[in-house]
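A closer look at the structure
Residues per chain are reported as follows:
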Amino acid sequence: MQQSKVVQLPLSPLKSKVLVTQPYVPSLDKYMHYVEKAFDAKWLTNDGPLLKELTDRLKDYLGVKYLLLVSNGTAALQLAYKIKNLTNKTVISTPFTFPATTTALEWQNANIQLSDINKNSWNLDPKVVEKHLTTTKVDAIVPVNIFGMPCDMEAFDKIGSKHNIPIIYDSAQSMLSKFKGKSVLQYGDIHCMSFHATKLFHTVEGGAITFNSKDDYERAKRLINFGIGENGVVEEAGINAKMSELHAAMGLCILDDLPMLIENREKSLTRYHSQLAGAVTLQCSNYDSYTPPMYMPIKFETEDALLNTREQLGHKGYLSRRYFYPKNHKFLNESVRSVLPVSDVISNKILCLPLMHNLSKNHVTNISTIIKQNV
Ligand SMILES: *Cc1c(COP(=O)(O)O)cnc(C)c1O
C-alpha cells in the first residue's frame, strides 16, 4: 500500500508537550484494510495469514532465512536463552542496556557476569570480555547493539568460534543496523528484536527472533506454541509467545511506511548532530557501520549538566529521558555489581532527546539551543 502523509507536530510545545518519542500510528483506514482480512477469515491468532505475510515480508526485507515472530522482545530473549540452555550457566552481558536483557537471563537462572563497555560506542567491549575468558569458563555472550549502534560484531564472532560458545544478540534496537556493510543479523547465532510501540518498526507489542540454525528455529517455533510439535504431541514444555493477527496487521502497515519514517527521522538526526557538534559527546562507532535513526542520545561532561539541561528543556515543554539509569543492577547479586570503570562513569551522563518522524526543524533547533546554553 501507499505510504501515509506526515502531519507535523504543533510548534507550541508548551500547549502540548513534545515527548521523547511517540508511537507511530498509520492511518486507521490502512489498518482496517488488514484487520478486515482477519475478520473475514475469522482467524485472529495461531499462525494466521497476516502473520505469514509479515514473516515473509520481513525475511525478504532483512535478508534472513529463519525468522520467528513472537509476542514481545522480552519473550524473544527468554526463548533464545532457553534454546541455548543457559540455566545455571555463566553468561556475559553488558550493564548499559534496557533491563530486559538481564532480567530475562535472571528468569532463566543464568549466572550473570557484567563486563565493561567501550567508551566510544557504549557497547560491550570484546577486549574486556576476552580478559574474563582467561579466568572464567563462560557459556554464552549476550552483546547489545545499544541505541542501534553495532558493537564490534566481528570480534564477538571470533570469540564465539574460538571458545565454541553462542553469541546471542539483544538486537531490540538494531533490526536495521549494519556492520561493515552487512546487516547485523548476519553476525552471531541468534538475534532478538523488539517491536514494541516505541520502537522504529513496531507491531504495538511484538518481537522476532532470527536464527542461524534451522534446528534452533524449529525448536523455538514449537516452544512459542506450548511445545506442541507438528503431529500435535507436546514434545517439551513450551510457553505461549505467539503474535496475533491484529498485531501482525499493525506490522504490515508500518512496514509500508518504514522508508518515510526512516527518512524523516534521519533529517532530525542530521540536524541535531550538526547543531550539537562540539557542545556534547555523541555515541560513535569504532568501525564502518550504519545506525538507524532510533534514538538521539547525548553525553554530558557531568551529571549536574545533564540534570540542569533536562530541567530547562522541561520548562520549555520538551521531555527527555535518561537511558539507562539507574543502572539495572539492584536485582543482581553483590558479586555481579562489581566496579566497571567505563560504564560507571558514562551511564549517569546520558540523556535521550526527542526523536520521532514528525519532529519539525524548529523543535530540533530550539532543543539544541537550550542544550548549548546549558553546557
Ligand atoms: C525494548 C527493548 C527490550 C524489550 O522489548 P519488549 O518488546 O518491550 O519486551 C529489550 N532490550 C532492549 C535493548 C530494548 O530496547
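Residues numbered from 1 in each chain as written. Predicted model: local features only at pLDDT ≥ 70, side-chain atom pairs only at ≥ 80, totals over all residues. Heavy atoms only, no water.

Read from one edge to the other, the open sheet built from three strands follows the order β3-β2-β4, with strand pairing classed as parallel. Unpaired on one side and paired on the other, β3 (111-114) and β4 (140-142) mark the two borders of the sheet. Taking the axes of each pair of neighbouring strands and ignoring which way they run, one obtains an average angle of 30° across the sheet. Where strand β2 (residues 90-93) and β3 come together, four bridges link them in parallel fashion. (Pairing = 2+ DSSP bridges. Helix = DSSP H or I, 4+ residues; strand = E, 2+ residues; numbered from the N terminus. Axes fitted to C-alpha atoms, helices over the stretch in contact; angles between N-to-C directions.)

Attention shifts here to the sheet that holds strand β1 (residues 66-70). Read from one edge of the open sheet, four strands run β1-β9-β8-β5, paired in mixed fashion. This sheet does not close on itself; its edge strands, each paired only once, are β1 and β5 (168-170). Along the sheet, successive strands turn relative to each other by an average axial angle of 15°, direction set aside. The sheet contact formed by β5 and strand β8 (residues 190-194) spans three bridges and is parallel. Bridge pairing in β8 links Y169 to H191. Relative to β1, helix α7 (residues 214-223) is tilted by about 20°, and along the sheet it contacts β1, β8 and β9 (207-211). (Contact = heavy atoms within 4.5 Å.)

This next bit is on the pairing of β1. Counting buried positions along β1 gives five out of five residues, so the element sits mostly inside the fold. The two faces of β1 match: Y66, L68 and V70 on one face and L67 and L69 on the other face are all buried. As paired strands, β1 and β9 are joined by five bridges and run antiparallel to one another. Pairing of L68 across the sheet is with I209, part of β9. (Buried < 20%, exposed > 50% of the residue type's maximum accessible area, 1.4 Å probe, protein only.)

Note that every value here comes from positions in space, so none of it alone points to a role or purpose.
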